[in-house]
Each structure stands twice: as C-alpha cells, then as structure tokens.
Amino acid sequence: MGALFADAAEVRRRLEDVGHLVDDGTATALYLAAVLQRPLLLEGEPGVGKTSAAKALAEALATDLIRLQCYEGLSAGEALYEWNYQRQLLAIRLHEAGGRTLADADLFTEEFLQDRPLLRAVRHPGPQPPVLLIDEIDRADDEFEALLFEFLGEASITVPELGTFTAARPPLVVLTSNRSRELHDALRRRCLYHWIDFPGPERAVRILRRTVPQAGEPLIGSATEFIGRVRNLDLDKPPGMAEAIDWLAALSALDVSRLVRGDILRTLSALAKSPDDRATVIGALDGLGYAEATGR
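Residues numbered from 1 in each chain as written. Predicted model: local features only at pLDDT ≥ 70, side-chain atom pairs only at ≥ 80, totals over all residues. Heavy atoms only, no water.

**Q** What exactly am I supposed to notice about the pairing of strand S9 (residues 192–195) here?
**A** On a regular strand, each side chain points to the face opposite its neighbour's, so the side chains alternate between the two faces of the sheet. Going residue by residue along S9, you find Leu 192 and His 194 tucked away on one face and Tyr 193 and Trp 195 left uncovered on the opposite face. Both strand S1 (residues 40–43) and S9 contribute to a ladder of four bridges, which runs parallel. Each residue of the ladder has a partner; that of Leu 40, found in S9, is Leu 192. (Buried < 20%, exposed > 50% of the residue type's maximum accessible area, 1.4 Å probe, protein only. Helix = DSSP H or I, 4+ residues; strand = E, 2+ residues; numbered from the N terminus. Pairing = 2+ DSSP bridges.)

**Q** Help me understand the layout of surface pockets in this model?
**A** Summary: where empty space remains is shown by rolling a probe the size of a single water molecule over the atoms. Here the largest pocket defines a volume of roughly 620 Å³. Along its surface, the largest pocket is lined by 34 residues, and Gly 47, Val 48, Gly 49, Met 241 and Ala 242 are the ones closest to its centre. Those elements that place two or more of their residues in the lining of the largest pocket are helix H3 (50–61), helix H10 (201–211) and helix H12 (241–253). Tallied by class, residues from the lining of the largest pocket come to 16 nonpolar, seven polar and 11 charged. Within this model, the second largest pocket holds a volume of roughly 160 Å³. Around the second largest pocket sit Gln 37, Arg 38, Pro 39, Phe 151, Leu 152, Gly 153, Glu 154, Ala 155, Pro 170, Pro 171, Val 173 and Arg 190, which together line it. When residues of the lining of the second largest pocket are assigned to their parent elements, the largest contribution, four residues, is made by helix H8 (residues 142–154). Residue composition of the lining of the second largest pocket, by class: seven nonpolar, two polar and three charged. (1 Å grid on protein atoms, 1.4 Å probe; cavity = no way out; pocket = protein on both sides within 12 Å on 5 of 7 lines; lining within 4 Å. Points joined across faces, edges and corners; volume = space filled by probe spheres on them. Nonpolar A, V, L, I, M, F, W, Y, C, P; charged D, E, K, R; others polar.)

**Q** For this particular structure, what's the right way to read empty space enclosed by the protein?
**A** Applying the stated criterion across every chain, the model contains one cavity of 30 Å³ or more. As a volume, the largest cavity reaches approximately 40 Å³. Around the largest cavity sit Val 230, Leu 235, Lys 237, Pro 239, Leu 271, Ala 272, Lys 273, Asp 277 and Val 281, which together line it. For the lining of the largest cavity, a count of residues per class yields six nonpolar, no polar and three charged.

So, in structure tokens, the structure goes:
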C-alpha cells in the first residue's frame, strides 16, 4: 500500500474536507507521523484542537479511530488486554462436567483473550492502519507510561502466555497532553512532538464561520476579538475553541447580531467555566470596551 498522504499540504486539504482546519505546523507534524510511522505527541492548552485533530485524521483516512481515554489509576488490563475470566470459568465447569481436566495452558489462548485499545490497534485487520488516540496521557499515573514503551517503540505488545503481537502496519498513534504534569523523557524520545497554539484571529474566524454558519459576520468578528483578549486575562481555564464555538452558538441562538455587555453577561456560562474566571471576565469588561449595556 502506498503512502497515506503525498505531502503536508494534502493533510491540510483532507482535514479541511472533513471540517477540521489546521495550520501548516500541525499538518506537517501529522504528515511526518504518517510517513515516518512514529507516534506523535500533541501538547497545548485545553481546547486548542488536539483531540479533534486525531478524530479528523481518522475521518480523513476513512479508517477506525481507537481511543484510550487516560485517567488516574488506569490499569494495564484496561489499556492493553485482559483475560475473559467468565469464559475461562465456564470452560473449566464444562470440562469438569464431562469428567475432563482443563490444563492451565488451555485457559490462556486467543479464545479467551480480550483486546483493549492498544492490542486492538496492533491487531487491527486493516486495510488502512487505524488511528489510535491516547488522550490526555498526562492524567495517567507515571507508572502507566512505562507500559507504553514497547508499544510506542516497536508497535508491539507482549502477552506472556502467548508471545509478542506486532502490527503488520503500525497504527497512527496520537498522544495528547495538557501538561498537567511533566511526561517521562523516555516517552518523549519515542514520539515526534508538536505544540498546538490557540488559532490566530484569521483561522479562528474561519473555524467559527464553518461551525456556526448561522452567526453573522460582524458577530463572528467581534466574538473572535473578545475571546482573544479574554485569553490574556489571568484565568484558570482560558477559553479554547470548543468554548468559543459554544459561546458563539449561544449568542446566535439568542439572535444577537452585535456584541454588547448585556449579551456577554447572559451567555458567559458558555465561556467561563469557574466562578473565579467568571468574576475575572466580568471585572475586565470595562477595560475590554464593554462598560455600558446598549441596545442592539
């Protein structure tokens, strides 16, 4: 099978075809991950489009998206594989009922093996390699990262009872991190790396225009400018594109055509996600040019 993409420009075009707009840097990072068959670690503030980039990549390639959502306490069994203990117990009882004994080796075969996301990606039947999204790896425990080293370095997983499974074609692996903690150097060495910034005003307008087409151009422009200025405030959670889309959709649902203080206050719950951030934004409205509520 030939290359998945001819160049980074094709990555950008095909992602745009499925509704996901990326800059040249992100398109190049995704292209290199595909052509070099290397995992890609995407970092950036929450809401910049790390997870959606992996989803769009799978959609653009018309292949399966396999997602592993990380969290504190994530175990190897939930990520790699597990044995189907209920089926094993049933097999033991059936053999005992027939007066036979089932050897331990007979219980640990592929018949009783349950694929979890990583092994499912390795054993994906294809013809296209799947996109494996290891989402928010920084939320998992430090120890969990060590479980990924063999997989990230060799696209393989060892099951002691059965041997090593190696992908016929390595999956396209995208890891995301919000930098809530520092990742191991050993994990970083196994990955290509790209930092995703908040989109600039021009690309933000294009994204909002596409995702909230019912909003008018003046509102899109003023909302984009306002969000850009809000991100410079001292917020716990600066609004990402997801919040920007929700906020613009809320404004549009209220038939807002021109951004004014009253409408900002009415819809602030879509933009500020904590009491402290809400208070900070409200306190900054005067300085942001929204000192008085005016009519539309």
